[in-house]
Amino acid sequence: MPTRILPAGADPDAVRSLVTLLSQLPDAEPQPPVTDSTQLVDALARLAAEAVDELPEVLVVHERIGPAPALELIREIALRFPAVGVILVTSDASPGLFAAAMDSGARGLVALPLSYDELAGRVQAVAQWSTEVRRHLGQGGEAPGGSGGTVVTVSGAKGGVGATLTAVQLALAAQASGRSTALVDLDLQCGDVASFLDIQFRRSVADLAAISDISPRVLADALFRHDTGLALLLAPGEGERGEEVTDRAVRQIVRALRSRYEVVVIDCGAQLGGAGAAAIETADTALLVTTPDVIAVRAAKRTVRMWDRLQIRKAEETTVVVNRQSRHTEIQPALVQRITGTALARTAVPANFKELQAVVDAGRVHELDARSTVKQALWALAGELGLARAAEGAHRGGARGGVRGGVRGGGRDGARAGGLRRRKE
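Residues numbered from 1 in each chain as written. Predicted model: local features only at pLDDT ≥ 70, side-chain atom pairs only at ≥ 80, totals over all residues. Heavy atoms only, no water.

Whenever I open this one, the pairing of strand β7 (residues 181-185) confuses me. Can you help?
Working note: regular strand, side chains alternate between the two faces of the sheet. Counting buried positions along β7 yields 5 of 5 residues, so the element is predominantly enclosed. Neither face of β7 is open: one carries T181, L183 and D185, the other A182 and V184, and all of them are buried. In terms of strand pairing, β7 meets strand β9 (residues 231-233) through 3 bridges, oriented parallel. Bridging across to β9, V184 finds its partner in L233. (Buried < 20%, exposed > 50% of the residue type's maximum accessible area, 1.4 Å probe, protein only. Helix = DSSP H or I, 4+ residues; strand = E, 2+ residues; numbered from the N terminus. Pairing = 2+ DSSP bridges.)

Which parts of the structure should I look at to understand the nonpolar core?
If you look at soluble globular proteins, the nonpolar side chains tend to sit buried side by side. Core analysis: the biggest nonpolar cluster contains 49 residues, and L186, L233, V245, V250, L257 and I266 have the highest contact counts within it. Looking at this core, the element that brings in the most residues is helix α9 (residues 247-260), giving 6 residues. Look past the residues within four positions of L257 in its chain and what remains in contact with it is A182, V184, L219, L223, L233 and V264. Formed by 41 residues, the second largest nonpolar core is a distinct cluster that contains L230, L234, V289 and V374. (Core = buried A, V, L, I, M, F, W, Y, C linked by side-chain atoms within 4.5 Å. Contact = heavy atoms within 4.5 Å.)

Looking at this model, I keep getting lost on unusual backbone geometry. Mind explaining?
Backbone geometry follows two general trends: most residues other than glycine have a negative phi, and most peptide bonds adopt the trans configuration. With omega at 0°, the peptide bond leading from G66 into P67 counts as cis. Summarising the element assignment, P67 is placed in the loop between β3 (58-62) and α3 (70-80). Across the junction of L112 and P113, the peptide omega takes the value -5°, indicating a cis bond. Mapped onto the secondary structure, P113 falls in the loop between β5 (108-111) and α5 (116-139). Phi angles above zero are rare outside glycine, and D27 is one such case at about 60°. Relative to the helices and strands, D27 resides in the loop between α1 (12-24) and β2 (28-30). Phi at Q311 takes a positive value of approximately 60°, unusual for a residue other than glycine. When you line up the elements, Q311 lands in the loop between α11 (294-309) and β12 (318-322).

Explain the sheet that holds β2 to me, please; I cannot follow it from the model alone.
Hydrogen bonds between backbone atoms are what pair the strands of a sheet, whose relative direction is either parallel or antiparallel. Strand order in this open sheet of 5 strands is β2-β1-β3-β4-β5, and the pairing throughout is parallel. Pairing within the sheet leaves two strands with one partner each, and these edge strands are β2 and β5. If you compare each strand with its neighbour and ignore which way they point, the axes differ by 25° on average. Across 4 bridges, the pairing between strand β4 (residues 85-90) and β5 is parallel. Within β5, the position partnered with V89 by the bridge is V110. Taken strand by strand, α1 contacts β1 (3-8), β2 and β3, and its axis lies near 170° from that of β1. (Axes fitted to C-alpha atoms, helices over the stretch in contact; angles between N-to-C directions.)

Dropping the structure here:
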């Protein structure tokens, strides 16, 4: 059986030379090369969604691939697609780089300039390893799908539209349905998740920002375990510390959480920075919460256009959730969808603040009465998104918008989000 080999690199000449050598290897089947990390991860995610056996046995990554650094990309691939053997092609064959590549999950390293014998030997060894891994996965029953847990971001079109409440209730619904769930507050300066859940905390997302390799123990130390079972990663109590949380740190944190939790819900707030942009780009589902009024809908349209200009998220890959909906409002969900050009959640959240006022003022939104129409709608939304089973008889409103348009089969590496701060400067 031929060995499927996928080359990846941004330098056309280097990739051409690599493909030429790979074509000469016995029983080798080189695939069309990919030129950047985003395209590579998306391609592997699509193949993994079909079956593990559809993935190439060997992935050969050139050191000059971008926009994500090669070692960071290899770490993500090793985590999400463990049946793929990765070889790093590099001009630096020092012991230090070799150790770093192995720590990132590479199965081998080939030095430049390329040597046929060295490349052939390494490809053969990695292909045998990949075949053995898949054989054991097949004997073990259901193989992993490659994408880890589901990541959902919740952003507000503007302040005060209910993004934090939405994020909290989605996380609570997922946890209550038996799925291990983490809730992350990435509204770094104005995060209110801790206030909504009435907790005092010491550690925050800022404490993970400077850590280059987040181990399970380090992650556990930074999380706050709520009485509901939710794992909370909170915004720093000192808003100025939010500047410590970079887009690169967020991508690493999201990968660590995705590998340990079935559902990860991220409250991104209404202000866009590099950290929030990286989370939105990496997410499987990106929600944008708005209210059915002119000011909020205009803000939603501006947000969607900004995400598209910055190459963070396309409009059709974003799902709008209409909060405080009433049949008496002039702006109905279908109109919001037409204005923004996004997908629309079928579940609209009704306007009924009286149900919320007592628990919001007490900071105990997790104790919201199960008979609340707002809670029923938000938990139904969790069911619609596949985060939890929808509650029987849950309120569903608004137009049918086909939420599938806002869900992607796999995360993207988010490297372009790092340019947000540079563009602003």
